[in-house]
Amino acid sequence: QSALTQPASVSGSPGQSITISCTKTSSDVGDFNYVSWYQHHPGKAPKVMIYDVRNRPSGVSNRFSGSKSGNTASLTISGLRAEDEADYYCSSYTTSSTLFYVFGSGTKVTVL
Amino acid sequence: QITLKESGPTLVKPTQTLTLTCTFSGFSLSSKTDGVGWIRQPPGKALEWLALIYWNDDKDYSPSLKSRLTITKDTSKNQVVLTLTNIDPVDTATYFCAHRTWPAAYFDYWGQGTLVTVSS
């Protein structure tokens, strides 16, 4: 069982907003200040969508946003599009443990 | 533009040693700030970080697999090699390599992954 728990699936209609949660369930994750989110279309290279909880890399649509409250980080996708259908993984980086990187269990986003 | 590509065997027998190669372009592992890591994903399961190597040859390993993993780099070939010893069917997974720009805390570029099946 992953130290970061995500819902197995989230769905929404085009144009809607959805939110994926990522809950820290283990101390292996550390202080949970360096949370990133990856989008993965099966068979393709994963792509970072959010880093350091809420920052978007250059080139990532502003429809993607990140936040954190306590032990739960969230990824919100606004104005849902067909191309957003993919698997999404949260990840936490810490130097307070030798398990530097922990990944979430993954969430399948379906666009209805 | 940074690209990474994984290569290696698709089928490995139990107890053997798995050797995977990550061939990259768009950066040099002799340049300060660059690192390359390996992450795997068993079928239907979560991603799992395995190891990371940096430009200065510093290495980090997942504690649970440290005794079985070795990561090395060949700067002249732009390659990073991961070996996993005493392989078992639970090691069946898609193996990804990915780039990290230190001190950023995330992997900014990934390869497409290579599926390795462990079976007799």
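Now for a look at the structure at hand. (Residues numbered from 1 in each chain as written. Chains lettered and ligands numbered in written order. Predicted model: local features only at pLDDT ≥ 70, side-chain atom pairs only at ≥ 80, totals over all residues. Heavy atoms only, no water.)

1. Focus on the environment of Val35 of chain A
Residues and elements named next belong to chain A.
Phase 1 of the analysis: By the element assignment, Val35 lies in strand E4 (residues 35-40).
Phase 2 of the analysis: Its relative accessible area of 0% is what places Val35 among the buried residues.
Phase 3 of the analysis: C-alpha separation for the pair Val35 and Asp87, spaced 52 residues apart in sequence, amounts to 17 Å.
Phase 4 of the analysis: Every residue in contact with Val35, bar those within four places of it in the chain, is listed here: Ile50, Tyr51, Asp52, Val53, Ala73 and Ser91. (Helix = DSSP H or I, 4+ residues; strand = E, 2+ residues; numbered from the N terminus. Buried < 20%, exposed > 50% of the residue type's maximum accessible area, 1.4 Å probe, protein only. Contact = heavy atoms within 4.5 Å.)

2. Let's talk about the sheet that holds strand E6 (residues 64-69) of chain A
Residue and element names in this part refer to chain A.
Phase 1 of the analysis: Pairing in this open sheet of four strands is antiparallel, and the strands run E1-E3-E7-E6 from one edge to the other. Strands with a single pairing partner mark the edges of an open sheet, and in this sheet they are strand E1 (4-5) and E6.
Phase 2 of the analysis: The sheet contact formed by E1 and strand E3 (residues 18-24) spans two bridges and is antiparallel. Bridge pairing in E3 links Thr5 to Thr23. (Pairing = 2+ DSSP bridges.)

3. Let's talk about the nonpolar core
Phase 1 of the analysis: Core analysis: the biggest nonpolar cluster contains 45 residues, and Trp37 and Phe103 of chain A together with Trp49, Phe107 and Trp110 of chain B have the highest contact counts within it.
Phase 2 of the analysis: With five residues, strand E8 (residues 86-93) of chain A is the largest single contributor of residues to this core.
Phase 3 of the analysis: Once residues within four sequence positions are removed from consideration, Trp49 of chain B is found in contact with Thr98, Leu99, Phe100, Tyr101 and Phe103 of chain A together with Trp38, Ile39, Asp60, Tyr61, Ser62 and Phe107 of chain B.
Phase 4 of the analysis: In terms of nonpolar packing, the next biggest core, distinct from the first, is built from 27 residues, Trp38, Ile53, Val80 and Val118 of chain B among them. (Core = buried A, V, L, I, M, F, W, Y, C linked by side-chain atoms within 4.5 Å.)

4. As for the side chain of Asp91 of chain B
All names here are of chain B.
Phase 1 of the analysis: Structurally, Asp91 can be placed in the loop between strand E8 (79-84) and strand E9 (93-101).
Phase 2 of the analysis: Among the residues examined, Asp91 registers a relative accessible area of 0% and is labelled buried.
Phase 3 of the analysis: Discounting chain neighbours no more than four positions away, the residues touching Asp91 are Arg40, Arg68, Leu84, Asn86, Val116 and Val118.

5. Side note on the packing of aromatic side chains
All names here are of chain B.
Phase 1 of the analysis: Within this structure, the stated rule accounts for 16 aromatic pairs over all chains.
Phase 2 of the analysis: With a centroid separation of 5.7 Å and 55° between ring planes, the pair formed by Trp55 and Trp102 is classed as tilted. Note that Trp55 is positioned in the loop between strand E5 (48-54) and strand E6 (59-61) and Trp102 in the loop between E9 and strand E10 (107-110), a separation of 47 residues in sequence.
Phase 3 of the analysis: A relative accessible area of 19% means that Trp55 is categorised as buried.
Phase 4 of the analysis: Here Trp102 falls in the partly exposed class, since its relative accessible area comes to 38%.
Phase 5 of the analysis: Measuring from centroid to centroid gives 5.8 Å for Phe96 and Trp110, while their planes differ by 75°, and the two rings are edge-to-face. With Phe96 in strand E9 and Trp110 in strand E10, the pair connects residues that are 14 residues apart, well separated along the chain.
Phase 6 of the analysis: A relative accessible area of 1% places Phe96 in the buried class. (Phe/Tyr/Trp six-rings, centres within 6.5 Å; stacked < 30°, edge-to-face > 60°.)

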